Every structure is written in structure tokens, then in C-alpha cells.
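Structural description and commentary
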Amino acid sequence: MTNEINLNTYSGKIFFSVVRIEARNKKETVHGTGFMVSEEKKENEITHSIPFLVTNKHVIEGAEEVSLFFIKSKENKPLFGETVEYKIKNPESWFFEHPSKDIDLAILLTAPLFHELKTKTGDLPFFIPIPNTPIIATEEDLSKFNTIEEIIFTGYPEKVYDKFNLTPINRKGITATPIGLDYNKEPIFLVDSMIFHGSSGSPVFIYDPHGWTNIDGSISLGSRLVLVGIMSGFLKDEEEIEMKEGRVGIATLLNLGEVIKSYKIKELIKIFREKNKI
């Protein structure tokens, strides 16, 4: 039995866009997810790809060291079961955070890391980045989706992943609030799905492999993949109940996840590029 995933399909590409993250300090290790996106840069009529890692601020917050885990690449194919680990000391100096304290986004320009490890060990990571254009939805794009849409997201919930092949976990759900509306006046929407620790930083897609219904009721044939946001957390209901020992706080998970809208990712990459002139 061979390990094969069709890398020419949208579903295969999603699988290899995500990255497992461990953020450590002296007190704890935080587990999360990130994903790779690519930007284009033209120089002398030659187009170059600029890779970025996208995750949440809170995944790396307070970390003294961050590890990124990729599947190793061999002859431009994934070498299942073999990992490439990038250790980042003083991650705050490497990651670029969204300037708004309310936008839980951070990005990392990964080319320097890849170059350094290749020079030292010869190892290369295998990944398929999500192209900024046309896969990452703009603010206008988000207004064109139906009130209820099926979504999928990929990552490492509660540190669960295929530890033999080193591949992530796919989950699905539906939109709980319309993508085109800002939930509570913030650039987020809610999804109805079981969300666990470790899923923070997961890319959230609308993936229709066999056609879809447009907002005007018309039918489109073919397939589509659109990145509509990044998972940033989950909602819970907190209350106190009376016990013999006194009042005790109880948290009930609501199976609702918060998703930061995709155009904020585009915005952050633009800010980074303008600041660093790349």
C-alpha cells in the first residue's frame, strides 16, 4: 500500500498548506496551527514567489522559542513520516503582528529560515502555499456568499494528527453568522463546529468540488476553493453554580468558532511589504 495524495486537486493542496506549531516558554508549551500563503513579486519581468506563514498572535504570545514542523521534501514530493523542524529563538523579533491589538494575526517571512536550514542540513520542507490571488477572498468577495455556507478547516486540534505520516486533521462545519456581516462590529464571523485548542491558526475554506449555488440562486459548475478566514478561538458560556465548597465557575463550550476574515490577512501582508519594501 503506497502513501499517495493527489497534489493536483484542491483537497490535496489544502493538506499541505498547514504547519504544526509549538510555542514554548519556561512555564508551558502552546500548540497551534499556521498555514503558508504566497505573494508575487515582479523584478525585471521575472515573477518571484514570496512565502509567508500565517497564524494567530496568541499562539506565539510570550514564547521564548517557536518550532515549525513541516513534512520533508524529496524530489519535490512529500516524504511522509519525516519531518523538518525550524526552531525560532526570540520569535517576537521574527513575527510581524497586525498593528491593531484587536486583530489576532501574525505573519512570518519564511524564506530566510528555509535558506538557513538548507545551508546547514540540506533539508527542505514540502508545502503548497495558498496564493494570495485569487484564493484569498477580498472584502468584496466575502459579501457574495450565501447566508449559510459549508466550511472546512485543517489543523492540529488538541495536538491530534497522524503521527506516522505527520499529516493534519480536516474538520467541517457551517457558517453560524453570515460571512458578509461583521459579527459584533468586528471583522469576524462565527462557524458552527467543534473547535478545540490547537485549531487556532487553521485556515478556513469554502470548498465546493462539484459546483455551488450563487447568492442570486444561479448554479455554477466546476469546483472552487476560497480562503475566507483564519480560526482564532471558540465561544463558551461561563456561569457560577452553588456547591458545598462554595460557588464554582463552570464553562460550557458552545461549539462556535471565531474566524477572522480573510481580507485582514491580505491587509497585514500589504503592511509588511510596504514597511520592508519587498
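Residues numbered from 1 in each chain as written. Predicted model: local features only at pLDDT ≥ 70, side-chain atom pairs only at ≥ 80, totals over all residues. Heavy atoms only, no water.

Observations concerning the pairing of strand β3 (residues 46–55)
We apply this condition: Two strands make a pair as long as DSSP finds a minimum of two bridges between them. Each helix corresponds to a stretch of at least 4 residues labelled H or I by DSSP, and each strand to a stretch of at least 2 residues labelled E; elements are numbered beginning at the N terminus.
The sheet contact formed by strand β2 (residues 29–43) and β3 spans 9 bridges and is antiparallel. Across the sheet, V37 pairs through a bridge with F52, a residue of β3. Between β2 and β3, which follow one another and run antiparallel, lie 2 residues, and N44 among them has a positive phi close to 50°. Here β3 runs beside strand β7 (residues 106–109); their pairing, made up of 4 bridges, is antiparallel. For V54, the partnering residue across the bridge sits in β7 and is I107.

Considering the pairing of strand β5 (residues 77–89)
Two strands pair when backbone bridges link them, and strand β4 (residues 65–74) and β5 are joined in this way by 10 bridges, in the antiparallel orientation. Looking at the pairing, S73 lines up with P78 of β5.

Things to note about the layout of surface pockets
The line we're drawing: Using only the protein atoms, space was sampled on a 1 Å grid; points where a 1.4 Å probe fits but cannot get out form cavities, open sets with protein on both sides within 12 Å along at least five of seven lines form pockets, and lining residues are those with an atom within 4 Å of a point. Grid points are joined across faces, edges and corners, and a volume is the space filled by probe spheres set on the points. Just so you know the grouping, Ala, Val, Leu, Ile, Met, Phe, Trp, Tyr, Cys and Pro go in nonpolar, Asp, Glu, Lys and Arg go in charged, and all remaining residues, Gly too, go in polar.
Taken as a whole, the largest pocket spans an internal volume of roughly 300 Å³. Forming the boundary of the largest pocket are 18 residues, of which V30, H31, H197, G198 and S200 lie nearest the centre. Elements that contribute at least two residues to the lining of the largest pocket include exactly β2, α2 (57–60) and β16 (224–243). Residues of the lining of the largest pocket, tallied by class, amount to 5 nonpolar, 9 polar and 4 charged.

Quick word on unusual backbone geometry
For clarity, the cut-off: With a 1.4 Å probe rolled over the protein chains alone, any residue whose accessible area is under 20% of its type maximum counts as buried; one over 50% counts as exposed, and the rest are partly exposed.
With omega at 10°, the peptide bond leading from T133 into P134 counts as cis. Within the fold, P134 resides in helix α4 (residues 132–135). One non-glycine residue, L166, lies in positive phi territory at about 70°. Along the chain, L166 falls in the loop between β10 (150–155) and β11 (169–175). Positive phi, normally seen in glycine, also occurs at K185, with a value near 65°. Inspection of the secondary structure assignment puts K185 in the loop between β11 and β12 (188–192). Residue class for K185 comes out exposed when judged on its relative accessible area of 81%.

Everything listed here is a matter of coordinates, which is why it stays silent on function.
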